[in-house]
Amino acid sequence: MEDIKCCVVSCEKPLDAAYWEAQYKTKATGWDLGKISPPLKTFIDTIENKNIAILIPGCGNSYEAEYLLEHDFTNITVIDIAPTPVADLKEKFKNNSNIQIILGDFFEHQGKYDLIMEQTFFCALPPTLRQKYAWKMHQLLADEGKLAGLLFNRPFEVSPPFGGSKEEYEALFAAAFEFLKMDLSLNSIAPRANSELFFELKKNNKVKVNLYEFEGITCSGCMESVTKKFAAIDGILNVSMSSDFAEVLIVSKNEIAVGELQNAISYDEKYQIKKIS
Ligand SMILES: C[S@@+](CC[C@H](N)C(=O)[O-])C[C@H]1O[C@@H](n2cnc3c(N)ncnc32)[C@H](O)[C@@H]1O
């Protein structure tokens, strides 16, 4: 985690489709529980409306989807970037019209969901993508939609998985989501006991959530100054910069013109900001 706070984060492994596919092909899938994660089972058991649109990103073998189907949920979408688990799920659930199984990149996916379930997807992504994850989740949720599931509350020496902390997640999701819950999970599997948070976030549909490419920052001191400049703009509610300083997530009451953002950092001509659409 010290690395993440430092100037540049580099990940030696490109965590792309080929990487994940190789993990499945070589059965190096230590994350796979072989059954639904108990905290998610407990959570699913509380859902009354079985027709809500549910997305499970980075689904892997998706025992969660299987459990939902067994319990009569009718509108499930799962997506994964690796062909092997997707092919297996397609075979397992062929002729079942209550589930849509997609081979693809979560960040390219379009749709609207009442619930998105998180189970070791966030921790599989390079930490530099965390702001993009929050932005994309906000886009994919319907107005009253929720993001719920598990996040690690600990660092890891070897990654993936990439760890984190409650404070970090609170800073990342602030203002774009209402925090309904983010507590130590009480019924995690034994190897993950006391190291997972169960969270439930509700989309804040009253705010604008935008992601920007950023150029010019080379140290965390500069990052803090830039963040303060943006945070001081009237209407801005939260600013979160990626650990490689290449992207910034801005939550605001109203749409902020890129020109206004650029003006706020005009004291250094290296700094360039561009909206990602
Ligand atoms: C650690 S595994 C977790 C799988 C499953 N959720 C589980 O708990 O068994 C992470 C999964 O995310 C998938 N993944 C990684 N990046 C992705 C992306 N950009 N879009 C969709 N899936 C992705 C990987 O292929 C892998 O199946």
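Each chain has its residues counted from 1, following the order in which its sequence is written. Totals for whole chains, interfaces and linings use all residues, but because this is a predicted model, local features are given only for residues with pLDDT of at least 70 and pairs of side-chain atoms are given and counted only at 80 or more.

### Section: the overall build of the protein chain
At step 1: What the protein chain contains, in helices and strands, is nine helices and 11 strands.
At step 2: Radius of gyration (C-alpha) of the protein chain: 19 Å, near the 19 Å computed for a compact globule of 277 residues.
At step 3: Across its three principal directions, the C-alpha atoms of the protein chain cover 60 × 40 × 35 Å.
At step 4: Counts of 20 or more other C-beta atoms within 10 Å of a residue's own C-beta define buried residues, counts of 12 or fewer define exposed ones, and intermediate counts define partly exposed ones; C-beta atoms are placed from the backbone. A buried classification covers 36% of the 277 residues belonging to the protein chain.
At step 5: By the convention adopted here, residues are in contact when the distance between their C-beta atoms, placed from the backbone, does not exceed 7 Å. Sequence-distant contacts, at least 24 apart, represent 68% of the contacts inside the protein chain between residues at least 6 apart. What counts as a helix is a DSSP run of H or I of at least four residues, what counts as a strand is a run of E of at least two, and both are numbered from the N terminus. Taken over C-alpha atoms, the radius of gyration is set against a globule rule of 2.2 Å times the number of residues to the power 0.38.

### Overview of the packing of helix 2 (residues 17–25) against helix 5 (residues 83–92)
At step 1: Axes here mean lines fitted to C-alpha atoms, for a helix over just the part in contact, with angles spanning 0 to 180 degrees between N-to-C directions. Where helix 2 meets helix 5, the axes come as close as 7 Å, and the angle between the chain directions of the two elements is 60°. As summarised for this structure, helix 2 and helix 5 are arranged oblique, according to the angle between their axes. Every residue of helix 5 that contacts helix 2 at Glu21, Tyr24 and Lys25 is listed here: Pro83, Thr84 and Pro85.
At step 2: Looking at side-chain class alone, the contact of helix 2 with helix 5 contains three nonpolar, one polar and two charged residues. Throughout, the term roughly parallel applies to angles under 35 degrees, roughly antiparallel to angles over 145, roughly perpendicular to angles from 65 to 115, and oblique to all others. In this count, Pro and Cys sit with the nonpolar residues alongside Ala, Val, Leu, Ile, Met, Phe, Trp and Tyr, while Asp, Glu, Lys and Arg are called charged and the others, Gly among them, polar.

### Some points on the pairing of strand 10 (residues 247–252)
At step 1: Of all the six residues making up strand 10, five are buried; the element is thus mostly covered by neighbouring parts of the structure.
At step 2: In terms of strand pairing, strand 8 (residues 208–215) meets strand 10 through six bridges, oriented antiparallel. Note that in strand 10 the partner of Lys208 across the bridge is Ser252.
At step 3: By definition, two strands form a pair when at least two bridges between them are found by DSSP. Across five bridges, the pairing between strand 9 (residues 236–241) and strand 10 is antiparallel. Each residue of the ladder has a partner; that of Asn238, found in strand 10, is Val251.
At step 4: Remark: five residues form the turn of the hairpin made by strand 9 and strand 10, two consecutive strands paired antiparallel; Phe245 in that turn has positive phi of roughly 65°.

### Points about the domain arrangement of the protein chain
At step 1: Marked domain ranges trace back to an automatic or database domain assignment. Segmenting the protein chain into domains produces domain 1 (2–203) and domain 2 (208–276).
At step 2: Each of domain 1 and domain 2 has a C-alpha centre, and the two are 27 Å apart.
At step 3: Residue assignment for the side of domain 1 that touches domain 2 shows that the elements contributing at least two residues are helix 1 (2–5), helix 6 (130–140) and helix 7 (166–173).
At step 4: For the side of domain 1 that touches domain 2, the element with the most residues is helix 6, which contributes six residues.
At step 5: For the side of domain 1 that touches domain 2, the class distribution of residues is 12 nonpolar, three polar and three charged.

### Some thoughts on the sheet that holds strand 8
At step 1: Taken in spatial order, the four strands line up as 9-10-8-11 in an open sheet, and their pairing is antiparallel. Each having just a single partner strand, strand 9 and strand 11 (272–276) make up the two edges of the open sheet. When strand polarity is set aside, the average angle formed by the axes of neighbouring strands in this sheet is 30°.
At step 2: Contacting strand 8, strand 9 and strand 10, helix 6 crosses the sheet at an angle of about 40° to strand 10.
At step 3: Against the sheet, helix 8 (residues 220–231) makes contact with strand 9 and strand 10, and its axis sits at roughly 160° relative to strand 9, the strand it touches most.

### So, the sheet that holds strand 1 (residues 54–57)
At step 1: Taken in spatial order, the seven strands of this open sheet run 3-2-1-4-5-7-6, and their pairing is mixed. Looking at strand neighbours, the two that pair on one side only are strand 3 (99–103) and strand 6 (177–184), the edges of this open sheet. On average, each strand axis in the sheet is tilted by 15° relative to the strand beside it, whichever way the strands run.
At step 2: In this sheet, strand 7 (residues 196–203) lies alongside strand 5 (residues 141–152) in antiparallel orientation, the contact comprising seven bridges. Within strand 7, the residue paired with Gly149 across the bridge is Phe199.

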